[in-house]
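Here are the chains, one letter per residue:
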Amino acid sequence: MVETNDRILPVGIQSFEKIRKQGYLYVDKTDIIWQLANRNKTYNYLSRPRRFGKSVLVDTLEAYFLGKKELFEGLKIMQMETEWVKRPVIRLDMSRAGAEPDTLRSYLNNIFRQYEKEYSLVPNPTDSLADRFNAIIVEAYEQTGQQVAILIDEYDKPIIDNLGNEPTLSHLRSTLQGFYSVMKSMDARIRFGFLTGVTKIGKMSVFSGLNNLNDISMIPDYVDICGVSETELHEYFDESISELSSANEMSKEECYVKLKSMYDGYHFHPKAVGVYNPFSLLNTFKNKEFLEYWFETGTPGFLVEVMRKTSFDVTTLENQTVDSTLMSNADAIFENPVPYLFQSGYLTIKKFNSILHRYTLGYPNKEVKIGMLKSLAP
């Protein structure tokens, strides 16, 4: 049994193993994670804003596929999983790949070298990255007798770092497309594939060879796989809210109301519950102050660049409407930045017109609204 202390907040910690072994608070999402891992045996994609818990989710999936049963003692998944099979896992974090084609190739080369060492592979000097990826998948399957789980975090980081730089973007697309297309021919050897990103920029071009990609970003079953729901806020953080209320000379009820207005309101489906920004919540409980933590970590440079190039008036974002066909795509970002602003967490779903198939979007909460107007309006 893993000993836990639900009073220790995991601020800035992305390791599921560290959270569990060192007794940090863990909001139990393992029932949803089990469902994702076992009912969606194709390749799955999830888009969520930055600092929203994607990396912890990927780390939890890795622990599950590695069969680390001891880390899940006492969690919901123990009522669902009966086999706990250890499977080979190939994991990539594209946020560490840099913004240039050379740094991307260098990162992939170093990661592949580690897996080649693990499976005693000696690549041919003329082998491409795609060939080496292919060989690693084949060898992992052959040596273990188990299908492989492939986990790729922040797939879009090299792309969004080069928005507006078409020559570099073209090189990156070519490298990534060839790399990801390997998975299409490996279905028999791959048990599960999962990719995350902040946006869907480049999704159509990068994954054109992966035609069975299952986008779960706006599917009701997975709306709160990241973030904190209202129910979870009361269940896991009630004691933290008591401390917050005392520090700010407020009642607990007033604290709940203020937390909701500041950090809640992210809707990833028109009929789904809203979720709180986990990064802002944890920092509020840690510092005992209601501040714009998520926004203050830095407005991404590409967002500023987009807003400059489109000359979009951020003061009009309160009540935007957008066609449903655009909500799962952001490739025309310089023509219409609204779908991108939704995917990256600056706007959220307020209403949906099922007759016209149009979404009404607006700011999810005061933190984002204040941050947008203060940072981008100038």
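Nothing here was measured: the structure is a model prediction, and the numbers come from that model.

Trainee: What exactly am I supposed to notice about the overall build of the protein here?
Mentor: For the protein, the helix and strand inventory stands at 15 helices and ten strands. For the protein, whose C-alpha radius of gyration is 21 Å, the value lies close to the compact-globule estimate of 21 Å for 378 residues. Per-residue burial over the protein gives 53% buried out of 378 residues. Taking contacts inside the protein between residues at least 6 apart in sequence as the whole, the part at least 24 apart equals 71%. Side chains of the protein give 43 positive and 49 negative charges; the mean places of these two sets differ by 1 Å.

Trainee: Any chance you could explain the sheet that holds strand E9 (residues 348-353) here in plain terms?
Mentor: As a general point, the strands of a sheet are linked pairwise by backbone hydrogen bonds and lie either parallel or antiparallel. Strand order in the open sheet made by the three strands is E8-E10-E9, with antiparallel pairing throughout. The open sheet terminates on both sides in strands that have one partner only, identified here as strand E8 (320-323) and E9. Strand-to-strand twist in this sheet, taken as the mean axis angle between neighbours without regard to direction, amounts to 30°. When E8 meets strand E10 (residues 358-362), the two strands line up antiparallel, connected through four bridges. Each residue of the ladder has a partner; that of Asp 323, found in E10, is Arg 358.

Trainee: It is not clear to me how the packing of helix H9 (residues 230-247) against helix H10 (residues 252-263) should be interpreted in this structure. Could you clarify?
Mentor: Helix packing geometry: the angle between the two helix axes and the distance between the axes. At a minimum axis distance of 10 Å, the contact between H9 and H10 shows a crossing angle of 120°. Considered as vectors, H9 and H10 are oriented oblique to each other. Where H9 crosses over H10, the handedness of that crossing is right-handed. Contact residues: H9 offers Glu 230, Leu 233, His 234, Asp 238, Ile 241, Ser 242, Leu 244 and Ser 245, while H10 offers Lys 252, Cys 255, Tyr 256, Leu 259 and Lys 260. Classifying every residue of the contact of H9 with H10 by side-chain character gives six nonpolar, three polar and four charged.

Trainee: In this structure, what is going on with the pattern of salt bridges? I would like to understand it.
Mentor: Note that side chains of opposite charge can pair when their charged atoms are close. If you walk through the whole model with that rule in mind, you get 14 salt bridges. Between Arg 132 and Glu 116 there is a salt bridge; the shortest N-O distance is 2.8 Å. Taken together, the positions of Arg 132 in helix H5 (residues 129-144) and Glu 116 in helix H4 (residues 101-118) put the pair 16 residues apart, joining distant regions of the chain. With a relative accessible area of 5%, Glu 116 lands in the buried category. One salt-bridge network, held together by shared partners, links Glu 17, Lys 21 and Lys 68.

Trainee: Whenever I open this one, helix H2 (residues 30-39) confuses me. Can you help?
Mentor: With seven of ten residues buried, H2 is to be regarded as a mostly interior element. Within the span of H2, buried status applies to Thr 30, Ile 32, Ile 33, Trp 34, Gln 35, Leu 36 and Ala 37. In this structure, the buried residues of H2 make contact with strand E1 (43-47), helix H3 (54-65) and strand E4 (190-197).

Trainee: Where do I start with the sheet that holds strand E3 (residues 148-153) in this structure?
Mentor: Taking strand neighbours across the sheet as the criterion, the five strands line up as E2-E3-E4-E1-E5 in an open arrangement whose pairing is parallel. A strand with exactly one partner marks an edge of an open sheet, and here the two such strands are strand E2 (89-93) and strand E5 (213-215). Across the sheet, the axes of successive neighbouring strands diverge by a mean angle of 15°, strand direction being ignored. By the bridge criterion, five bridges tie E3 to E4 in an arrangement that is parallel. Across the sheet, residue Ala 149 finds its bridge partner in E4, namely Phe 192.

Trainee: What is the right way to look at the confidence of the model for the protein in this model?
Mentor: In this model, the protein carries a mean pLDDT of 88, and residues with pLDDT of at least 70 account for 91%. Contacts of residues 1-5 to residues separated by more than four positions or lying in other chains number 14 contacts, the stretch itself having pLDDT below 50.

Trainee: Quick question: what am I supposed to make of the nonpolar core here?
Mentor: If you look at soluble globular proteins, the nonpolar side chains tend to sit buried side by side. The biggest cluster of nonpolar side chains holds 119 residues, and the ones touching the most others in it are Leu 61, Ile 152, Tyr 180, Phe 194 and Phe 237. Apart from residues no more than four positions distant in its own chain, Phe 194 is found in contact with Leu 36, Asn 44, Leu 46, Leu 57, Val 58, Leu 61, Ile 150, Leu 151, Ile 152 and Ile 216.

Trainee: Can you help me understand the environment of Lys 366 in this one?
Mentor: Examined against the element boundaries, Lys 366 turns out to sit in helix H15 (residues 366-375). The contact partners of Lys 366, leaving out residues within four places of it in the chain, are Ser 261 and Met 262.

Parameters at a glance
Residues numbered from 1 in each chain as written. Predicted model: local features only at pLDDT ≥ 70, side-chain atom pairs only at ≥ 80, totals over all residues. Heavy atoms only, no water. Helix = DSSP H or I, 4+ residues; strand = E, 2+ residues; numbered from the N terminus. Rg over C-alpha atoms; globule rule 2.2 N^0.38 Å. Buried < 20%, exposed > 50% of the residue type's maximum accessible area, 1.4 Å probe, protein only. Contact = heavy atoms within 4.5 Å. Lys, Arg positive; Asp, Glu negative; His and termini not counted. Charge placed at Lys NZ, Arg CZ, Asp CG, Glu CD. Pairing = 2+ DSSP bridges. Axes fitted to C-alpha atoms, helices over the stretch in contact; angles between N-to-C directions. Parallel < 35°, antiparallel > 145°, perpendicular 65-115°, else oblique. Left-handed = near helix turned anticlockwise from the far one by under 90°. Nonpolar A, V, L, I, M, F, W, Y, C, P; charged D, E, K, R; others polar. Salt bridge = Lys/Arg side-chain N within 4 Å of Asp/Glu carboxyl O. pLDDT = per-residue confidence, 0-100. Core = buried A, V, L, I, M, F, W, Y, C linked by side-chain atoms within 4.5 Å.

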